[in-house]
Amino acid sequence: FSSTFSWYYGTDANPPGGQFDFVSVVLHEIGHGLGFGTSFRTTDGTTGQIREPSNMIPTVYDLFIENGAGQALLDTNFFADPSTDLHTQLTGGDLFNNGDITTGQNSGVMPKMYAPGSFQPGSSYSHWDADTFPVGTINSLMRPSIGSGVGNHNPGPITLGLFEDMGWSICGGSLTVEEFTADSVEISPNPFASSISIKLSIGGNDDYTVNLFDI
């Protein structure tokens, strides 16, 4: 990460205009490091390739990509690797992730991948489609670009579904801010003198921090 870039180092996901949210960018790149996308996809403008060139082995990410006609990108009956057919797919704007959990998190609709007509090294095939997942939506962290004044510290349910489809275990017992409501927390006795019991209705073996303020 550039030490001279106009970064915003706050942790509130609210960077001012002209600054780029450092936490969002780091989370995005960690997503790639955990397998969102493949570093082997390429095209020279005519011939496309997605497998690792020295041994022709795909990544687990590639297993879940198909086009709008339901043809898997790894199916060599349709797309030899490398081939002009793969170039057409990588630049056709018609690629989707068909993972069961991923699709389920998108209300049963296969989420669209980024595959613009002009192949963009580092971006094409390795992000969610920019138009389908616009800035400001919960699943926008893994879109191909981020603008200044924009922050997102949540991978989003569709992205987490993709990681589960690829084999990662997601901590299902973790709590979000939205899940903490007065109805889900039991506090007794209230008021109290020397000790207090706090019960959470959501299970899991997570660690929590509780701040008490004397009013």
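So, a few notes on the structure that sits alongside this text. Being a predicted model, the structure only gives us computed values, none of them experimental. (Residues numbered from 1 in each chain as written. Predicted model: local features only at pLDDT ≥ 70, side-chain atom pairs only at ≥ 80, totals over all residues. Heavy atoms only, no water.)

Attention shifts here to helix α1 (residues 22-33). Since there are 3.6 residues in each turn of an α-helix, residues three or four apart along the chain are aligned in direction. With 12 residues, α1 should cover 16 Å at 1.5 Å per step; its first-to-last C-alpha distance of 16 Å lies within 8% of that length. If you check which residues of α1 are buried, you get Ser-24, Val-25, His-28 and Gly-31. Along the axis of α1, the buried positions cluster into a sector of 115 degrees, meaning they face one direction only. The secondary structure elements touched by the buried residues of α1 are β1 (7-8), β2 (20-21) and α4 (157-166). Just downstream of α1 lies Gly-35, where phi reads positive at about 120 degrees. (Helix = DSSP H or I, 4+ residues; strand = E, 2+ residues; numbered from the N terminus. Expected span 1.5 Å × (residues − 1). Buried < 20%, exposed > 50% of the residue type's maximum accessible area, 1.4 Å probe, protein only. Arc of directions from axis to C-beta. Contact = heavy atoms within 4.5 Å.)

Checked against the element boundaries, Asp-94 lands in the loop between α2 (84-90) and β6 (95-97). You can call Asp-94 partly exposed: its relative accessible area is 33%. Put simply, Asp-94 and Gly-68 are 26 residues apart on the chain and 5.6 Å apart in space, counted from C-alpha to C-alpha. Once residues within four sequence positions are removed from consideration, Asp-94 is found in contact with Glu-66, Asn-67, Gly-68 and Ala-69. A polar side-chain atom of Asp-94 sits 3.0 Å from the main-chain amide nitrogen of Gly-68. (Polar contact = N/O pair within 3.5 Å; in protein donor to acceptor, adjacent residues only side chain to side chain.)

Evaluation of the coordinates by the stated rule reveals 11 aromatic pairs. Residues Phe-1 and Phe-22 carry aromatic rings whose centres are separated by 5.4 Å and whose planes lie at 70 degrees to one another, so their mutual orientation is edge-to-face. With Phe-1 in the segment before β1 and Phe-22 in helix α1, the pair connects residues that are 21 residues apart, well separated along the chain. Residue classification places Phe-1 among the exposed residues on the basis of a relative accessible area of 61%. The exposure class assigned to Phe-22 is partly exposed, which follows from its relative accessible area of 23%. With a centroid separation of 5.0 Å and an interplanar angle of 45 degrees, the aromatic rings of Phe-5 and Phe-20 are classed as tilted. In this pair, Phe-5 is assigned in the segment before β1 and Phe-20 in strand β2, connecting sequence segments 15 residues apart. Accessibility expressed as a relative area gives 39% for Phe-5, which makes it partly exposed. (Phe/Tyr/Trp six-rings, centres within 6.5 Å; stacked < 30°, edge-to-face > 60°.)

Further remarks concern the pattern of salt bridges. All chains considered together, the criterion is met by 1 salt bridge. Here Arg-51 ties to Asp-81 by a salt bridge, and the two come within 2.9 Å at their closest N and O atoms. With Arg-51 in the loop between β4 (48-49) and β5 (65-67) and Asp-81 in the loop between β5 and α2, this residue pair connects regions lying 30 residues apart in the sequence. (Salt bridge = Lys/Arg side-chain N within 4 Å of Asp/Glu carboxyl O.)

Okay, the environment of Phe-213 next. Mapped onto the fold, Phe-213 is located in the segment after β8 (197-200). Residues Phe-213 and Gly-18, 195 residues apart in the sequence, show an inter-C-alpha distance of 37 Å.

The linkage connecting Asp-81 with the following residue, Pro-82, adopts the cis geometry, with an omega of 0 degrees. Tracing the backbone through its elements, the reader meets Pro-82 in the loop between β5 and α2. That bond from Ser-188 to Pro-189 is cis: its omega, -15 degrees, falls within 30 degrees of zero. Along the polypeptide, Pro-189 turns up in the loop between β7 (185-188) and β8. A positive phi angle is found at Ala-13, which is not glycine, with a value near 55 degrees. One non-glycine residue, Tyr-125, lies in positive phi territory at about 75 degrees. Among the secondary structure elements, Tyr-125 is positioned in the loop between α3 (100-104) and α4.

Among the secondary structure elements, Asp-21 is positioned in strand β2. Despite its burial, Asp-21 pairs with no opposite charge, the nearest such side chain being Arg-143 at 14 Å. In terms of polar contacts, Asp-21 uses its side chain to reach the side chain of His-153, at 2.7 Å. Not counting the four nearest positions on each side in its chain, Asp-21 is found in contact with Trp-7, Tyr-8, Gly-10, Ala-13, Pro-15, Val-150, Gly-151, Asn-152 and His-153. (Lys, Arg positive; Asp, Glu negative; His and termini not counted.)

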